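# Coordinates in review
Here are the chains, one letter per residue:
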Amino acid sequence: MADIIDGKAVAEDVVGRVKALAGEVAAKGVQPGLAVVIVGEDPASQVYVASKSKKAKECGFHSVQHTLPEETGEAELLALIGKLNADPKIHGILVQLPLPKHIDSGKVIQTIAPEKDVDGFHFVNVGKLGTGELETAFVPCTPAGSMLLIERARGKDLSGLTAVVVGRSNIVGKPMANLLLAANATVTIAHSRTKDLPAVARTADILVAAVGRPEMIKGDWVKPGATVIDVGINRIPAPDKGEGKARLVGDVDFAGASEKAGAITPVPGGVGPMTIAMLMANTLVSAFLAAGLKRPTF
Ligand code: GUN
């Protein structure tokens, strides 16, 4: 049976360190500040945003939330971002995605100042990660958190190990592949058009699943002893729990995969808690850099 990687415990470690460092920088007169912006009433997004704002307060940050109505115009949103870019009390800006269809998300993301882009979605940060400039880049929170879990299982140097990332999104798959490459792994990005996906997955010492399809990755896709990181969070019907009830599952068939893997993240309680923890870490880093202090590492 595989070791279960406790993402909740690692996330608590990260948040504990963020709180301690936020206290240190506060003593120098700088309070890290995070602005979270949400447009519209999507219930899942509202839950995510509320927990981000709450965690920021818990870390001792200056935490502001801008909740804008669905019909907010693009120009109005861009003007708000302009104000936040210029506000010295704000070190991190996060605009929750997806945005309503009448707003160009790409334009919105590229308007955020790169040094406040704690999501790591701006071209400047994407380019820094792609060229290995990790000292000054902001890395997207979910892959950054997944990488910390991989480091705990395998160490920081992945030389000689094969990594397969299933999924090629800009938010997870591509930055994840770049992080693994920067750690010296031999990396393959696989996706829905890959020929014989199970065979490719079976080559992986480190298998990262980020496809958004419930339990797609089966036990017999997993190389014995592999580290399996499940980024998926899928809500599926659970009639056994009662009518209309649902449960959360990952992109990996946990029962099957945990018989083969050396270590595996559960859903919930694996990568999920790491995402918010890394958002706090990125905001803290931004405050340190703005104050001219040495960048803390996690
Ligand atoms: N929506 C889902 N995940 C994310 C994320 O990591 N950042 C933002 N801004 N929106 C999201």
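One can find the structure itself at the top, above this paragraph.
Chains are numbered independently. Their residues run from 1 in the order of the written sequence. The predicted nature of this model means local features are confined to residues of pLDDT at least 70 and side-chain atom pairs, given and counted, to a pLDDT of 80 or more, with totals for whole chains, interfaces and linings taken over all residues. Side-chain figures throughout are based on the complete set of non-hydrogen atoms in the structure, without hydrogens or water.

### Observations concerning the environment of E41
Strands are runs of DSSP state E lasting at least two residues, helices are runs of H or I lasting at least four, and both sets are numbered from the N terminus onward. Counting through the fold element by element, E41 comes out in the loop between β2 (33-39) and α2 (43-58). C-alpha of E41 to C-alpha of V285: the two residues are 244 residues apart in sequence and 30 Å apart in space.

### Considerations on empty space enclosed by the protein
Cavity and pocket criteria rest on a 1 Å grid covering protein atoms alone: a 1.4 Å probe that fits but cannot get out defines a cavity, protein on both sides within 12 Å along at least 5 of 7 lines defines an open pocket, and an atom within 4 Å of a point defines a lining residue. Grid points are joined across faces, edges and corners, and a volume is the space filled by probe spheres set on the points. Summed over all chains, the structure comprises one cavity of 30 Å³ or more. In this structure, the largest cavity encloses a volume near 40 Å³. Lining of the largest cavity is provided by I93, V95, I109, I112, D117, D119 and F121. Note on residue classes: Ala, Val, Leu, Ile, Met, Phe, Trp, Tyr, Cys and Pro are nonpolar, Asp, Glu, Lys and Arg are charged, and everything else, Gly too, is polar. Taken together, the residues that form the lining of the largest cavity break down as five nonpolar, no polar and two charged.

### Focus: the sheet that holds strand β5 (residues 162-166)
For two strands to count as paired, DSSP must find a minimum of two bridges between them. The sheet built from six strands is open, its strands ordered β1-β11-β8-β7-β5-β6 with parallel pairing. The strands lining the two open edges of the sheet, one partner per strand, are β1 (3-4) and β6 (186-190). Here, two residues are considered to be in contact whenever any of their heavy atoms come within 4.5 Å of each other. All axes are obtained by fitting lines to C-alpha atoms, using only the stretch in contact for helices, and the reported angles, taken between N-to-C directions, cover 0 to 180 degrees. Strand contacts of helix α6 (residues 141-154): β7 (206-209) and β8 (227-230), with the helix running at about 160 degrees to β8, the strand carrying the most contacts.

### Some points on unusual backbone geometry
The step from L97 to P98 runs through a cis peptide bond, and the omega angle for that step is 0 degrees. Relative to the helices and strands, P98 resides in the loop between β4 (92-95) and α4 (105-111). Cis peptide bonds are those with omega within 30 degrees of zero, and the linkage from V267 to P268 qualifies with 0 degrees. Here P268 lies in the loop between β11 (263-264) and α10 (271-290). Although it is not a glycine, E215 adopts a positive phi angle of roughly 50 degrees. Along the chain, E215 falls in the loop between β7 and β8.

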